[in-house]
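# Observations on the three-dimensional arrangement
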Amino acid sequence: MTSSKTIRRLEVVSPVPADIDIANSVDPIPIAAIAEDLNLGSKHYDLYGKYKAKVLLSVLDDLQGSEDGYYVVVGGISPTPLGEGKSTTTVGLCQALGAFLDKKVVTCLRQPSQGPTFGIKGGAAGGGYSQVIPMDEFNLHLTGDIHAITAANNLLAAAIDTRIFHEASQSDKALFNRLCPPNKEGKRTFANVMFSRLQKLGISKTNPDELTPDEVKRFVRLDIDPDSITWRRVMDVNDRFLRKITVGQGAEEKGMIRETGFDISVASEIMAVLALTTSLAEMRDRLGRMVIGNSNAGEPITADDLGVGGALTVLMKDAINPTLMQTLEGTPVLVHAGPFANIAHGNSSIVADKIALKLVGKGGFVVTEAGFGSDIGTEKFMNIKCRYSGLVPQCAIIVATIRALKMHGGGPEVVAGKPLDRAYITENVALVEAGCVNLSRHISNTKAYGVNVVVAINKFVTDTDAEMNAVRTAALAAGAFDAVVCTHHAHGGKGAVDLGTAVQRACETQSQTLNFLYPLDIGIKEKIEAIAKSYGASGVEYSEQAEKQIKMYSKQGFSGLPICMAKTQYSFSHIPSQKGAPSGFVLPIRDVRASIGAGFIYPLVGTMSTMPGLPTRPCFFDIDIDIATGKVLGLS
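Residues numbered from 1 in each chain as written. Predicted model: local features only at pLDDT ≥ 70, side-chain atom pairs only at ≥ 80, totals over all residues. Heavy atoms only, no water.

### Focus on the environment of leucine 97
Within the element layout of this structure, leucine 97 appears in helix 4 (residues 86-100). In this structure, the C-alpha to C-alpha distance between leucine 97 and leucine 499, residues 402 residues apart in sequence, is 9.1 Å. Leaving out residues up to four positions away in the same chain, leucine 97 has contacts with Asp102, Lys103, Val105, Phe365, Val367 and Gly500. (Helix = DSSP H or I, 4+ residues; strand = E, 2+ residues; numbered from the N terminus. Contact = heavy atoms within 4.5 Å.)

Structure representation (structure tokens):
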């Protein structure tokens with residue numbers, strides 16, 4: 001049960017004001033009080049100002065014997081470019097559970113990137129009366145985790161180019177003398193990180209002076225093939241002109257020019273590592289195992305080969321701790337990690353979920369969000385995140401809107417920044433019913449994992465009862481445990497009480513089982529084809545490059561990893577304009593890449609941009625500061 005001292009009753013007004021105005025109208029509860037309600041002692045967290053705190057992983061050791069609460073994941077139907085309100089639903093549900101249904105609850109969310117915040121989509125704190133606060137801090141720097149990822153990623157990028165440069169200009173002996181310099185007594189030692197490379201080379205010697213000339217050569221020369229390098233630099237804003245760049249043009253780089261580029265920071269493998277790790281020791285291991293490319297002999301080169309795995313972990317040592325925040329109604333939120341949902345798995349961290357499940361205890365609820373539609377976010381939540389965490393969800397929510405269903409039923413194109421067509425704001429039950437084929441496939445796919453599925457229908461003011469009833473009928477016919485109309489955007493937790501009740505019933509009747517879509521011990525192609533089949537594809541077509549990469553990763557021993565499909569979120573197929581529930585198409589795999597440290601193979605379905613661009617009128621036009629109060633204005 002949540003303490004009354006941290007529960008705030010909202011005074012809602014209509015029409016709903018701008019998100020930032022709602023957020024600024026509420027004084028957050030001191031985060032120490034939120035922590036106290038979760039039975040977190042002062043030794044379990046570090047304060048970051050009045051309204052944020054880093055929860056330390058040591059809490060897991062202290063709560064090791066405690067029972068877990070119920071585990072709920074929020075996905076959605078294939079969305080419009082406007083989004084269908086998964087974050088808002090996640091927050092609203094938790095406000096309902098904690099503030100109205102007297103349940104202990106923790107919301108687990110991804111940290112937003114500044115790319116969409118300043119770009120076209122805006123922030124990701126929820127919306128209306130279902131938000132995380134302070135909303136401006138949530139959407140901007142927060143506690144610096146994404147900046148730590150940026151720094152670590154770019155340190156590794158610098159290490160790659162530096163190593164290639166030095167190997168090209170030095171003899172084996174000179175490299176060895178610099179990598180293992182003698183001390184004042186003339187004695188050489190290996191740095192601790194070097195032992196992983198020695199072990200990889202099958203060299204068991206601990207004294208550098210005992211290495212043979214051949215062993216010295218193998219040790220000092222990574223012999224990186226520049227054309228094989230997959231590691232790129234990152235920054236956390238949208239900047240299309242950095243998608244492809246040339247490095248090494250300075251006079252001192254001796255003509256060592258190569259093409260590379262920038263990704264957005266949340267697309268970094270280091271972000272995916274943060275989200276999938278379970279401890280500091282495991283994070284150190286994963287960061288060291290990240291593969292940046294191959295040697296000219298075809299051997300994978302890792303961060304530890306470059307000697308930088310330990311330094312990366314030092315930069316990430318604070319980022320591993322989730323950030324404690326609160327909703328508008330005073331229920332607790334853990335914000336942690338924010339991997340790109342297409343290229344990576346699009347889910348918040350395992351450690352945040354594990355901490356939250358212990359904190360709420362038996363009968364409590366942890367609600368987390370999976371990025372994009374269920375075909376992307378929920379699929380990866382189940383087959384990647386739950387594999388590594390060992391956690392089993394009891395309920396999966398699928399968020400739907402009348403707007404998106406009409407689009408899937410054949411409605412006009414929905415374009416961000418343009419007014420909605422009249423079809424979306426007037427009653428058309430037939431269009432809604434036609435679009436429910438998309439919802440039905442998401443339900444059947446999600447049910448196959450062995451969890452109860454609850455559909456949350458986000459109600460807009462122009463939606464009618466007849467349209468809502470059509471969705472509910474279709475959802476139940478497709479096998480949903482329940483389908484509930486929600487108004488949490490306009491009313492806060494009160495508007496999601498029915499959803500909270502349905503989720504509670506779904507969790508209480510669910511057994512502790514999880515059916516993965518594929519086993520790990522089959523080949524890369526077989527896993528890809530299992531996922532493609534769930535999309536409705538009749539087969540898979542591999543490019544010559546994809547075939548080459550699959551063969552290489554299999555040879556290198558990576559075929560036992562799960563698959564993280566990089567596909568458009570706007571359709572079950574690879575073509576964004578194919579709405580509804582397309583079937584019989586052949587899924588094209590353009591390329592196959594690997595995040596070995598994070599622990600997955602990611603096939604590229606079509607062209608996926610890892611550095612978004614800014615529109616003509618980005619969101620930053622509206623963002624400013626009230627110089628009298630210091631409050632942020634214009635965030636959405």
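### Observations concerning helix 15 (residues 377-389)
In terms of residue burial, helix 15 counts as a mostly covered element, since 12 of its 13 residues are buried. Restricting attention to buried positions, one finds in helix 15 the residues Gly377, Thr378, Glu379, Lys380, Phe381, Met382, Asn383, Ile384, Lys385, Cys386, Arg387 and Ser389. Residue glycine 390 follows helix 15 closely and has a positive phi angle near 75°. (Buried < 20%, exposed > 50% of the residue type's maximum accessible area, 1.4 Å probe, protein only.)

### Describing the pairing of strand 4 (residues 105-109)
Across the 5 residues that make up strand 4, a large majority, 5, are buried. With burial as the criterion, each face of strand 4 is covered, one bearing Val105, Thr107 and Leu109 and the other bearing Val106 and Cys108. Looking at chain direction, strand 4 and strand 15 (residues 365-369) are connected through 4 bridges and run parallel. Note on strand 15: the bridge partner recorded for threonine 107 is valine 367. For strand 4 and strand 14 (residues 332-335), the ladder comprises 3 bridges, and the chain directions are parallel. Among the inter-strand pairings, threonine 107 is bridged to a residue of strand 14, identified as valine 333. (Pairing = 2+ DSSP bridges.)

### Here we look at the nonpolar core
Grouped together as the largest cluster of nonpolar side chains are 86 residues, with contacts concentrated most on Leu156, Met316 and Leu324. With near-sequence residues (within four places) excluded, leucine 324 lies in contact with Ile31, Ile34, Ala35, Leu38, Leu40, Tyr51, Lys52, Ala53, Val55, Pro332, Val333 and Leu334. Counting 25 residues, the second-largest nonpolar core is a separate cluster that includes Tyr518, Tyr535, Met565 and Val605. (Core = buried A, V, L, I, M, F, W, Y, C linked by side-chain atoms within 4.5 Å.)

### Considerations on the packing of aromatic side chains
One pass over the full model with this rule turns up 7 aromatic pairs. Relative to phenylalanine 219, the ring of phenylalanine 190 lies with its centre 5.4 Å away and its plane at 70°, an arrangement referred to as edge-to-face. Highlighted residues: phenylalanine 190 in the loop between helix 8 (172-179) and helix 9 (194-200) and phenylalanine 219 in helix 10 (residues 213-220), separated in sequence by 29 residues. Classification of phenylalanine 219 as buried rests on a relative accessible area of 3%. Members of the aromatic cluster, each reached through a chain of ring pairs, are Phe176, Phe190, Phe195 and Phe219. For arginine 441, the ring lying beneath its charged end belongs to phenylalanine 572, and the centroid distance is 5.0 Å. Geometry around tyrosine 535 places lysine 567 over its ring, the cationic atom sitting 4.7 Å from the centre. (Phe/Tyr/Trp six-rings, centres within 6.5 Å; stacked < 30°, edge-to-face > 60°. Lys NZ or Arg CZ within 6 Å of the ring centre and 35° of its normal.)

### Points about the pattern of salt bridges
Overall, the coordinates contain 30 salt bridges when judged by the stated rule. Between lysine 358 and aspartate 68 there is a salt bridge, with its nearest N and O atoms 3.2 Å apart. Remark: aspartate 68 occurs in the loop between helix 3 (58-62) and strand 3 (70-76) and lysine 358 occurs in helix 14 (residues 350-360); sequence separation between them is 290 residues. Ionic pairing is found between aspartate 172 and lysine 217, a salt bridge with its closest N-O pair at 3.9 Å. Taken as a pair, aspartate 172 in helix 8 and lysine 217 in helix 10 lie far apart in primary sequence, 45 residues in all. Residue class for aspartate 172 comes out partly exposed when judged on its relative accessible area of 22%. Accessibility expressed as a relative area gives 41% for lysine 217, which makes it partly exposed. Overlapping salt bridges bring together Asp161, Arg233 and Arg258 as one network. (Salt bridge = Lys/Arg side-chain N within 4 Å of Asp/Glu carboxyl O.)

### Things to note about unusual backbone geometry
Here the amide bond leading from serine 14 into proline 15 is cis, since omega sits at 0°, within 30 degrees of zero. Mapped onto the secondary structure, proline 15 falls in the segment before helix 1 (19-24). Of note, the amide linkage connecting isoleucine 133 to proline 134 takes the cis form, showing an omega dihedral of -5°. Residue placement: proline 134 occurs in the loop between strand 6 (130-133) and helix 6 (135-139). The backbone of aspartate 102 sits at a positive phi, close to 55°, despite the residue not being glycine.

### As for the environment of alanine 581
Structurally, the position occupied by alanine 581 is in the loop between helix 22 (544-555) and strand 20 (586-589). Between the alpha carbons of alanine 581 and glycine 435 there is a distance of 8.5 Å; along the sequence they are 146 residues apart. The contacts of alanine 581, once residues within four sequence positions are left out, are Val437, Asn438, Arg441 and Phe572.

### Examining helix 21 (residues 524-535)
Look at helix 21: 17 Å from first C-alpha to last across 12 residues, which is about the 16 Å you get at 1.5 Å a residue. Buried residues of helix 21: Ile524, Lys527, Ile528, Ile531, Ala532, Ser534 and Tyr535, and no others. One side of helix 21 carries all its buried residues, which in axial view fall inside an arc of 155°. Of the surrounding secondary structure, the elements contacted by the buried residues of helix 21 are helix 15, helix 17 (429-447), strand 19 (539-542), helix 22, strand 20 and strand 22 (600-604). (Expected span 1.5 Å × (residues − 1). Arc of directions from axis to C-beta.)

### Quick word on the state of the cysteines
Per the stated rule, a full pass over the model turns up 0 disulfides. The closest cysteine sulfur to the non-disulfide-bonded cysteine 108 is located on cysteine 94, 8.3 Å from its own sulfur. Cysteine 395 forms no disulfide, and the closest cysteine sulfur to it belongs to cysteine 507, at a distance of 5.0 Å. Residue class for cysteine 395 comes out buried when judged on its relative accessible area of 0%. (Disulfide = S-S within 2.5 Å.)

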